[in-house]
Amino acid sequence: MNKFRFRVADYKKISRALFLMMIILIPLLLITVFIFSFNNSVFSVLIGLGFVFSAVLLYFGLMKYYLIYDSEFIVDDRGITERNLKTGKIQNFDWNMIDSFKYTDAKHTIEPKEYLKITFKNSTHTITVSEFTKDRARINNLVEFRNQIEKYL
């Protein structure tokens, strides 16, 4: 039984949250422009833009708090067990539940990163872990995690 600890991002939920933000933000922006269009002062426009900017910052802060978290993983012959260290929630995933497993270099960062993503068939949950290649201890932990998963797949 091997235990691994990583900072995890659930990109399916993050994408959904960004989509919902846009659905909420566009009407909010239009209502703000409509309300402040009756008053042509620059001060009113700045207050409206400040309100929208504050709403976006609050939303991103909440999204980061709830969708990026530390987890501990146990890999064994039954599957992968994830324990969210923030909430204590435990999820078990059998090996036959894995829909896709991808391990590549991250191409969207300035510094080189290794990227591991696991999606599941009957769940909206994803496991997405990335580590900078310059941090050898974390990369070795990620490589060992990948090797354990590949051993059972």
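Remember, predicted model here, so these are calculated numbers, not experimental data.

Overview of the sheet that holds strand β7 (residues 126-132)
Reading across from one edge, β5-β6-β7 is the order of the 3 strands in this open sheet, with antiparallel pairing throughout. A strand with exactly one partner marks an edge of an open sheet, and here the two such strands are β5 (98-106) and β7. In this sheet, neighbouring strand axes are inclined to one another by 10° on average, regardless of whether the strands run parallel or antiparallel. Relative to strand β6 (residues 113-120), β5 runs antiparallel, the two being bridged by 8 bridges. Opposite Thr 104, over in β6, you have Tyr 115 as the bridge partner.

Topic: helix α3 (residues 136-152)
Taking 1.5 Å as the rise per residue, α3 with 17 residues should run 24 Å; its terminal C-alpha atoms sit 25 Å apart, in good agreement. Elements in contact with the buried residues of α3: β1 (2-9), β2 (68-76), β3 (79-84), β5, β6 and β7.

Details of the environment of Thr 104
Among the structural elements, Thr 104 can be located in strand β5. Exposure remark for Thr 104: the relative accessible area of 28% places this residue in the partly exposed category. Residues Thr 104 and Gly 48 lie 56 residues apart in sequence; the distance between their C-alpha atoms is 43 Å. Setting aside chain neighbours within four positions, we find Thr 104 in contact with Lys 113, Glu 114 and Tyr 115.

What to know about the pattern of salt bridges
According to the stated counting rule, one finds 7 salt bridges in the structure shown. Across the pair Asp 70 and Arg 7 runs a salt bridge whose closest N-O atoms are separated by 3.2 Å. Placement of Asp 70 in strand β2 and of Arg 7 in strand β1 is noted, with a sequence separation of 63 residues between them. On the accessibility criterion, Asp 70 (23% relative accessible area) is partly exposed.

Calculation rules
Residues numbered from 1 in each chain as written. Predicted model: local features only at pLDDT ≥ 70, side-chain atom pairs only at ≥ 80, totals over all residues. Heavy atoms only, no water. Pairing = 2+ DSSP bridges. Helix = DSSP H or I, 4+ residues; strand = E, 2+ residues; numbered from the N terminus. Axes fitted to C-alpha atoms, helices over the stretch in contact; angles between N-to-C directions. Expected span 1.5 Å × (residues − 1). Contact = heavy atoms within 4.5 Å. Buried < 20%, exposed > 50% of the residue type's maximum accessible area, 1.4 Å probe, protein only. Salt bridge = Lys/Arg side-chain N within 4 Å of Asp/Glu carboxyl O.

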